[in-house]
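Residues per chain are reported as follows:
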Number of protein chains: 2
Amino acid sequence: MELRKHYAHALRALSMDAINKSKSGHPGAPMGMANMAEALWRNHFKHNPRNPNWVNRDRFVLSNGHASMLLYSLLHLSGYDLSMDDIKNFRQLHSKTPGHPEIDRTPGVDMGTGPLGQGLATAVGMALAEKMLANRFNRINHPIMDHRTWVFLGDGCLMEGISQEAISLAGTWKLNKLTAFYDDNKISIDGAVGGWFTENVAARFEASGWHVVANVDGHDPKDIDDAIEEALAVDDKPCLIICHTTIGYGSPTKAGLASCHGSPLNSEEIKATNDALGWDYGSFEIPQDVYEAWNAHEKGQNINDSWQNAFNIYKAEFPELAEEFNRRMQGDLTSEFTSAADKLIADLLQKQEHIATRVSGKKVLDAIAPTLPELIGGSADLTGSVGTFHATSSSLTPNDFSGNYIHYGVREFGMSTVMNGLALCGFIPYGGTFMVFSDYAKNAIRLAALSKLRSIWVLTHDSIGVGEDGPTHQPVEQISALRLTPNVDVWRPCDTIESAIAWKSSIENKNGPSCLAMSRQNLTPQAHSKEQISEIEKGAYILSDCEGTASIIIIATGSEVELATKAADILTAEGKKVRVVSMPCADVFDRQDDAYKEKVLPKNVRARLAIEAASADFWYKYVGIDGAIIGMTSFGESAPGNVLYEYFGFTVENIIKQSKKLLGE
Amino acid sequence: MELRKHYAHALRALSMDAINKSKSGHPGAPMGMANMAEALWRNHFKHNPRNPNWVNRDRFVLSNGHASMLLYSLLHLSGYDLSMDDIKNFRQLHSKTPGHPEIDRTPGVDMGTGPLGQGLATAVGMALAEKMLANRFNRINHPIMDHRTWVFLGDGCLMEGISQEAISLAGTWKLNKLTAFYDDNKISIDGAVGGWFTENVAARFEASGWHVVANVDGHDPKDIDDAIEEALAVDDKPCLIICHTTIGYGSPTKAGLASCHGSPLNSEEIKATNDALGWDYGSFEIPQDVYEAWNAHEKGQNINDSWQNAFNIYKAEFPELAEEFNRRMQGDLTSEFTSAADKLIADLLQKQEHIATRVSGKKVLDAIAPTLPELIGGSADLTGSVGTFHATSSSLTPNDFSGNYIHYGVREFGMSTVMNGLALCGFIPYGGTFMVFSDYAKNAIRLAALSKLRSIWVLTHDSIGVGEDGPTHQPVEQISALRLTPNVDVWRPCDTIESAIAWKSSIENKNGPSCLAMSRQNLTPQAHSKEQISEIEKGAYILSDCEGTASIIIIATGSEVELATKAADILTAEGKKVRVVSMPCADVFDRQDDAYKEKVLPKNVRARLAIEAASADFWYKYVGIDGAIIGMTSFGESAPGNVLYEYFGFTVENIIKQSKKLLGE
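Residues numbered from 1 in each chain as written. Chains lettered and ligands numbered in written order. Predicted model: local features only at pLDDT ≥ 70, side-chain atom pairs only at ≥ 80, totals over all residues. Heavy atoms only, no water.

Next up on the list: unusual backbone geometry. Residues and elements named next belong to chain B. The phi angle at Lys-23 is positive, at roughly 55°, despite the residue not being glycine. As for its position among the elements, Lys-23 is in the loop between helix 1 (2-22) and helix 2 (28-43). The class for Lys-23 is exposed, based on a relative accessible area of 69%. The backbone of Asp-104 shows a phi angle near 65°, a positive value even though the residue is not glycine. In this fold, Asp-104 is placed in the loop between helix 4 (84-88) and helix 5 (118-137). Accessibility expressed as a relative area gives 64% for Asp-104, which makes it exposed. (Helix = DSSP H or I, 4+ residues; strand = E, 2+ residues; numbered from the N terminus. Buried < 20%, exposed > 50% of the residue type's maximum accessible area, 1.4 Å probe, protein only.)

This is the structure we're talking about:
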């Protein structure tokens with residue numbers, strides 16, 4: 001018992017030292033959660049430090065990501081490839097120990113955290129992924145997918161509304177292999193939480209279908225172990241373990257106070273803390289016996305090896321399943337996918353359907369989904385409107401994880417975090433809602449971008465074309481706000497062909513999320529040559545052109561492309577030299593080489609008109625000071641969509657008028 | 001009893017007819033909630049249709065705003081200035097009956113709703129406002145502020161996480177005059193909610209400190225009345241009344257089905273419904289006796305008159321209080337405010353402090369807050385970091401509503417909705433968090449903009465200058481995403497003087513919200529002439545200039561202005577003709593006349609360099625295709641802020657380099 005507290009204190013010592021050295025960080029939480037971490041990681045957590053990407057490892061999510069030094073200390077002591085020098089480089093440029101945990105940066109970090117509540121909410125997706133993979137791949141006596149997801153979280157995570165969306169879904173899905181530890185220290189940054197956080201957390205979780213182990217002494221290893229054993233025995237509910245802890249535990253003058261939340265303890269206070277807890281070593285000094293007690297190499301390699309042996313037997317018995325499992329874990333697409341996509345494009349070219357892109361999107365899914373079993377759909381309670389339920393969709397239910405479609409309820413943020421959790425575990429999730437409600441989910445889209453996750457958002461009703469529902473339901477700023485977010489590809493296709501390319505590109509982009517802006521209203525198909533089709537995936541291309549140098553370039557996206565081509569036809573008939581550029585994805589276009597960009601938008605053509613029924617300002621990027629934009633500079637109105645297009649100037653007539661103005665007529 | 005059901009059915013009939021005529025809308029919810037509405041509005045709701053802005057009226061918030069026709073029917077029948085022609089114009093351009101309720105558009109609409117969950121969450125702010133106003137203005141035997149806030153909501157509102165943030169705060173504050181009716185019809189758009197919404201709602205609300213009246217028959221007027229009486233008797237908790245209802249109640253083929261949620265019933269189905277419920281009138285026909293049963297003119301005028309008499313007596317006894325009350329209800333500022341702001345600016349000019357703008361902001365509040373008791377501060381658990389707790393701040397607590405500062409806990413969205421509720425009731429709320437977490441609150445900022453509410457967001461840690469906390473905490477796209485949102489003024493001041501003007505302008509802007517982007521790091525004060533100071537409030541101005549026409553214009557905001565002026569000094573010393581434009585608020589600058597815009601940014605000067613440590617793309621608006629931008633095109637990194645400024649090129653050297661490049665050197 002005393003030894004275990006000693007081992008726990010090693011986490012505190014490293015955390016205090018690293019935070020003090022970097023003069024920045026959050027010591028209170030690592031010090032408060034050290035005993036919880038010791039109990040979980042030394043006695044229960046199944047992992048292999050030498051193989052951090054082992055697919056059947058337990059997952060650990062630090063939802064209160066500011067406690068990052070707890071995680072780095074755990075990884076270092078357990079024997080991950082994270083040296084004492086890395087620890088000493090805490091919060092330095094390009095170190096393996098950034099301020100908040102980031103995946104792909106530190107071996108052993110299963111999820112990037114920091115924005116509160118999202119760790120827990122993403123872990124729900126990870127635990128769901130385990131259930132779905134087990135359902136798909138396990139065979140009798142072959143539980144190749146069988147692991148748990150563990151979460152540490154603080155009161156901040158529980159105050160954020162996303163936590164309720166997440167726990168409600170986890171309870172509905174009965175995710176019994178999900179266990180969360182609540183670091184209940186009664187302190188947040190503003191002080192004692194009694195003034196702003198009075199809810200009965202245990203009762204709230206129970207109301208949402210969780211098993212709760214309450215009143216655990218978060219500094220008593222035995223009590224924590226018992227709670228974990230209780231959680232392990234629950235087979236029909238996720239579990240919350242409420243640990244009463246002291247923030248900054250051990251610090252003679254700071255323990256229990258908000259002041260140790262986000263500021264380093266100084267060297268004197270560190271020494272006093274170490275003295276109080278009987279830790280008699282220098283800074284960044286870990287004695288060999290402590291390293292040995294923590295080292296998880298042998299145990300980890302053993303369980304990993306057993307699993308590998310079991311998997312080899314499974315592979316011998318079910319070679320195709322095993323191959324499919326490996327393909328998915330590597331994130332590779334099937335060869336059938338490419339041929340299905342190519343065939344679809346050929347079909348769509350022939351059909352030339354006059355349909356909304358939200359409907360085109362469904363047709364794309366109808367064609368490609370059968371080739372990609374890892375594609376998991378869903379919607380935040382707008383399934384019929386957003387076209388996400390395709391011909392081979394089947395609903396996942398609380399009692400059947402074989403479905404490939406998730407009804408998330410009216411929870412855009414919760415949907416998005418679960419999508420990110422699925423993406424972290426080998427799925428390609430897509431989820432649909434109205435574009436305006438991407439606002440509710442925005443920080444999860446951002447976290448997907450930062451974490452390079454292949455989550456795909458289907459954002460329909462993408463403009464004032466929404467019509468009668470009015471300005472609360474009509475996006476204006478959203479599409480460009482998403483374009484401004486780094487590493488998000490935002491597609492706004494103009495017809496069935498562009499919809500197919502948008503979907504194909506989004507699925508092929510392994511390194512980040514995509515957003516598909518789809519129309520509510522029907523759109524006229526554009527004529528596409530073979531060359532043009534190959535250029536759609538460059539993000540922008542010349543859709544129609546004149547002889548020689550254009551006098552004016554009209555740039556449009558999505559539903560406004562047909563207005564642009566119609567106006568261009570009239571202008572051309574009047575003898576103007578007009579080029580129309582369709583720009584379904586500005587993000588991808590920006591990544592093309594200069595020659596291609598110059599080909600599409602020659603620098604010397606300055607009469608440029610951009611048209612998009614959304615926030616105008618973004619388009620100065622392509623039309624500059626000399627150009628003009630037909631866009632939105634106010635909110636929309638409630639009226640039929642065609643009335644609004646007329647009212648706000650999204651008409652062929654207005655394009656002609658503005659074009660002539662640019663041409664000096 | 002039967003008559004009351006008849007009166008209730010008038011709501012259904014009008015809703016069905018208007019939705020059918022406009023070929024768009026949501027009949028299911030109005031039909032399901034008609035009995036609840038009849039009971040509340042005819043028997044309990046205190047209002048005066050002839051004076052919809054009566055300050056002590058009860059408030060009604062339709063959180064499931066898609067049921068708008070229920071509200072319009074209520075207003076029409078009760079005798080508000082909303083004619084049958086208005087009803088017939090449902091969802092038509094510029095009608096008084098838009099798709100979702102909007103304030104300032106329809107007399108009697110207390111809050112614009114549509115984005116689910118926010119109605120309930122904003123109502124929490126409205127109910128809090130009543131408590132705060134009562135605390136401030138009521139005197140013994142003079143309860144001039146004494147009204148209730150009523151909310152209708154659906155399962156969608158409860159699935160959204162914002163509902164948990166809101167109910168947790170309402171429970172903590174014991175808002176007993178807040179009563180919510182849950183339209184528990186077990187149906188959402190995707191179908192029966194059992195697959196995605198299984199939580200025990202009553203238990204969840206009880207866990208959050210609410211009194212719950214469960215199992216009410218939502219189609220039985222007596223049962224609903226009894227529930228309301230029970231709620232009225234609870235004096236220490238907000239109350240939830242759970243009404244079991246049938247969506248599309250009365251429709252022979254659609255009742256109980258998701259298909260009547262968002263699609264009109266056709267004429268045949270309307271007739272069948274009317275027949276089933278014994279409603280024997282033509283479309284849009286309301287018999288006189290039904291009008292008379294609903295008409296609230298007399299009752300409303302009586303209670304309004306009684307209140308006015310009581311207020312007149314109060315006014316005689318407490319003339320200064322009454323005057324102050326009237327001032328605040330009109331939204332006028334005090335004269336002391338203007339003089340305090342002017343004095344502050346003079347003081348700041350003398351002091352020339354080298355401090356972070358988050359600290360300047362606090363100094364501004366120290367000076368002006370004593371002159372504006374309606375200014376209510378708060379933070380989402382970052383009080384110390386964001387500088388929102390000023391010298392005369394005092395914390396509001398669950399047992400004392402005299403405070404002017406609210407600890408919202410880690411609830412950015414909940415904070416923002418409560419702010420909007422306060423703004424709707426005569427307060428000027430401001431609330432602080434880190435700018436990156438504006439993502440969590442975005443749709444509430446949007447709703448404030450759409451509803452023209454004077455809410456002020458203090459968004460500190462406004463760039464990669466955040467430093468060590470890393471990319472999850474460093475905003476990139478947020479500031480420009482807010483700029484793209486219509487009717488939001490986004491200020492990013494460069495020093496103490498600009499901070500003061502930013503605050504002053506935000507407070508003086510009665511017609512929309514403002515966001516103040518404030519630095520974590522210290523900033524060098526700029527030299528400001530009197531003329532320049534008067535120009536700051538134009539959003540952009542010439543901070544330093546050359547003789548004659550500039551060869552290059554450097555545009556910068558906030559923390560980057562000092563880099564711009566330093567670089568300009570060096571370039572000038574080298575003989576270049578350089579102008580520096582500080583642009584603290586692009587939104588306000590865009591509203592200036594052409595002459596001023598041309599003065600600041602002459603069209604013929606095309607060598608333009610914009611510098612902002614945030615998303616670059618927005619700045620093409622001002623530098624065009626020929627200019628250059630030093631901005632962010634990726635996420636940030638975890639490292640000390642000064643290291644990041646160097647790494648990402650926000651340095652005097654790089655500005656000089658890019659300037660020379662633009663000048664063709």
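Let us look at the interface of chain B and chain A. In this complex, chain B contributes 100 residues to the contact, which on the side of chain A involves 100 residues. Counting each side, the surface lost to burial between chain B and chain A is near 8,300 Å², with a carbon and sulfur contribution of 56%. Residues A:Asp439 and B:Lys442 are paired through a salt bridge, measuring 3.0 Å at the closest nitrogen-oxygen approach. There are 56 residue pairs in polar contact (both at pLDDT 80 or more) connecting chain B and chain A. A class-by-class count of the residues in the side of chain B that touches chain A yields 39 nonpolar, 38 polar and 23 charged. (Contact = heavy atoms within 4.5 Å. Buried area = accessible area lost by both parts, 1.4 Å probe. Salt bridge = Lys/Arg side-chain N within 4 Å of Asp/Glu carboxyl O. Polar contact = N/O pair within 3.5 Å; in protein donor to acceptor, adjacent residues only side chain to side chain. Nonpolar A, V, L, I, M, F, W, Y, C, P; charged D, E, K, R; others polar.)

This part is about the relation of the copies chain B and chain A. The transformation that overlays chain B on chain A combines an axial shift of 0.0 Å with a rotation of 180°, and the residual RMSD is 0.0 Å. Here the two chains are linked by the operation of a two-fold rotation axis. Comparing interface residues between copies, 100% of those in chain B also lie at the interface in chain A; the contact surface is shared. (Least-squares fit on C-alpha atoms with pLDDT ≥ 70 in both.)

Before going further, it helps to examine the sheet that holds strand 20 (residues 628-632) of chain A. Residues and elements named next belong to chain A. Ordered by their spatial adjacency, five strands build an open sheet running 16-18-17-19-20, and the pairing between neighbours is mixed. Only two strands of the sheet have a single partner each, and these edge strands are strand 16 (541-544) and strand 20. Neighbour to neighbour, the strand axes of the sheet diverge by 25° on average, direction disregarded. Sheet analysis places strand 17 (residues 552-556) next to strand 19 (residues 608-615), joined by four bridges and oriented parallel. Bridged to Ile-553 within strand 19 is Arg-608. Sheet strands touched by helix 27 (residues 652-662): strand 17, strand 19 and strand 20. Its angle to strand 19, the strand with the most contacts, is close to 140°. (Pairing = 2+ DSSP bridges. Axes fitted to C-alpha atoms, helices over the stretch in contact; angles between N-to-C directions.)

Right, let's get into the domain arrangement of chain A. All names here are of chain A. Domain boundaries assigned for chain A yield domain 1 (2-301), domain 2 (335-517) and domain 3 (538-662). In this assembly, 22 residues from domain 2 lie in contact with 32 residues from domain 3. Of the roughly 2,200 Å² buried between domain 2 and domain 3, counting both surfaces, carbon and sulfur atoms make up 56%. One can count four salt bridges joining domain 2 with domain 3. At the junction of domain 2 and domain 3, the tally comes to 15 residue pairs in polar contact (both at pLDDT 80 or more). Of all the elements, helix 19 (residues 478-484) adds the most residues to the side of domain 2 that touches domain 3, at four residues. Class assignment for the residues of the side of domain 2 that touches domain 3 results in ten nonpolar, six polar and six charged. (Domains from an automatic or database assignment.)

Core analysis: the biggest nonpolar cluster contains 162 residues, and A:Trp503, A:Ile555, A:Phe650, B:Trp503, B:Ile555 and B:Phe650 have the highest contact counts within it. Not counting chain neighbours up to four residues away, the residues in contact with A:Phe650 comprise A:Ile464, A:Glu560, A:Leu563, A:Ile611, A:Glu612, A:Ala613, A:Ile630, A:Gly631, A:Met632 and A:Tyr645. (Core = buried A, V, L, I, M, F, W, Y, C linked by side-chain atoms within 4.5 Å.)

This part is about the sheet that holds strand 12 (residues 456-460) of chain A. All names here are of chain A. Overall, parallel pairing links the six strands, which are arranged 10-9-11-12-14-13 in an open sheet. Only two strands of the sheet have a single neighbouring strand rather than two, namely strand 10 (405-407) and strand 13 (489-491). Ignoring strand direction, the axes of neighbouring strands in this sheet form an average angle of 20°. Looking at chain direction, strand 9 (residues 375-379) and strand 11 (residues 428-434) are connected through three bridges and run parallel. Paired with Ile-376 across the strands is Pro-429, a residue of strand 11. Contacting strand 9, strand 11, strand 12 and strand 14 (514-518), helix 15 (residues 357-368) crosses the sheet at an angle of about 130° to strand 14. Contacting strand 9, strand 10, strand 11 and strand 12, helix 17 (residues 412-424) runs over the sheet at an angle of about 165° to strand 11.

Helix packing geometry: the angle between the two helix axes and the distance between the axes. All names here are of chain B. At a closest axis distance of 9 Å, the pairing of helix 22 (residues 561-573) and helix 27 (residues 652-662) adopts a crossing angle of 55°. With respect to their mutual orientation, helix 22 and helix 27 come out oblique. Here the hand of the crossing between helix 22 and helix 27 comes out right-handed. For the pair formed by helix 22 and helix 27, the contact residues are Leu-563, Ala-564, Lys-566, Ala-567, Ile-570 and Leu-571 on the first element and Val-652, Ile-655, Ile-656, Ser-659 and Lys-660 on the second. Broken down by class, the residue content of the contact of helix 22 with helix 27 amounts to eight nonpolar, one polar and two charged. (Parallel < 35°, antiparallel > 145°, perpendicular 65-115°, else oblique. Left-handed = near helix turned anticlockwise from the far one by under 90°.)

Residue and element names in this part refer to chain B. Two elements in contact, helix 14 (residues 335-351) and helix 20 (residues 496-508), have axes whose closest approach is 9 Å; the angle formed by their N-to-C orientations is 170°. Relative to helix 20, the element helix 14 is oriented roughly antiparallel. The handedness of the crossing between helix 14 and helix 20 comes out as left-handed. Between helix 14, through Phe-337, Ala-341, Asp-342, Leu-344, Ile-345, Leu-348 and Leu-349, and helix 20, the contact on the second element is made entirely by Thr-496, Ile-497, Ala-500, Ile-501, Lys-504, Ile-507 and Glu-508. Looking at the contact of helix 14 with helix 20 residue by residue, the class counts come to ten nonpolar, one polar and three charged.

Quick look at the pairing of strand 12 (residues 456-460) of chain B now. Within a regular strand, side chains alternate between the sheet's two faces. Residues and elements named next belong to chain B. Of all the five residues making up strand 12, five are buried; the element is thus mostly covered by neighbouring parts of the structure. Pairing analysis gives five bridges linking strand 11 (residues 428-434) to strand 12, with the strands arranged parallel. Bridging across to strand 12, Thr-433 finds its partner in Leu-459. This β-α-β element, strand 11 to helix 18 (residues 438-450) to strand 12, shows right-handed connectivity. Sheet topology places strand 12 next to strand 14 (residues 514-518); five bridges connect them, and they run parallel. Of the residues in strand 14, the one forming a bridge with Trp-457 is Cys-515. (Right-handed = clockwise from strand over helix to strand, strands pointing away.)

Here we take up the environment of B:Leu348. All names here are of chain B. Relative to the elements of secondary structure, Leu-348 occurs in helix 14. Linking Leu-348 and Lys-363, residues 15 residues apart in sequence, is a C-alpha distance of 9.3 Å. With sequence-adjacent residues up to four places away left out, Leu-348 is seen in contact with Thr-496, Ile-497 and Ala-500.

Here the focus is the pairing of strand 2 (residues 149-153) of chain B. Residues and elements named next belong to chain B. The element strand 2 is extensively covered by neighbouring structure, given that five of its five residues are classed as buried. Residues of strand 2 alternate between two faces, with Thr-149, Val-151 and Leu-153 on one and Trp-150 and Phe-152 on the opposite face, all of them buried. The pairing of strand 2 with strand 3 (residues 178-184) spans five bridges and is classified as parallel. Following the sheet pairing, Phe-152 is matched in strand 3 by Phe-181.

Looking now at the confidence of the model for chain A. The predicted model of chain A has a mean per-residue pLDDT of 97, with 100% of residues at 70 or higher. The ipTM for the predicted assembly is 0.98, set against a pTM of 0.98. (pLDDT = per-residue confidence, 0-100.)

Quick look at the side chain of A:Ser505 now. For A:Ser505, the location among the structural elements is in helix 20 (residues 496-508). Setting aside its immediate chain neighbours within four residues, A:Ser505 contacts A:Trp491 and A:Glu537.

Right, let's get into helix 13 (residues 319-330) of chain B. For an α-helix the count is 3.6 residues per turn, leaving residues at separations of three or four pointing the same way. Residue and element names in this part refer to chain B. Compared with the 16 Å implied by 1.5 Å per residue over twelve residues, the 17 Å span of helix 13 between its first and last C-alpha is a close match. For helix 13, the set of buried residues is Leu-321, Ala-322, Glu-324, Phe-325, Arg-327 and Arg-328. Packing partners of the buried residues in helix 13 comprise helix 5 and helix 12 (297-317). Where helix 13 ends, the next residue or the one after it, Gly-331, has phi of about 75°, a positive value. (Expected span 1.5 Å × (residues − 1).)

With respect to the element layout, B:Glu477 can be found in the loop between strand 12 and helix 19 (478-484). A polar side-chain atom of B:Glu477 sits 2.6 Å from a polar atom in the side chain of A:Lys442. Side chain to side chain, B:Glu477 and B:Gln478 meet in a polar contact 3.3 Å long. Not counting residues up to four positions away in its chain, the partners in contact with B:Glu477 are A:Lys442, A:Arg446, A:Ala481, A:Leu484, A:Thr485, A:Pro486, B:Asp439 and B:Ser615.

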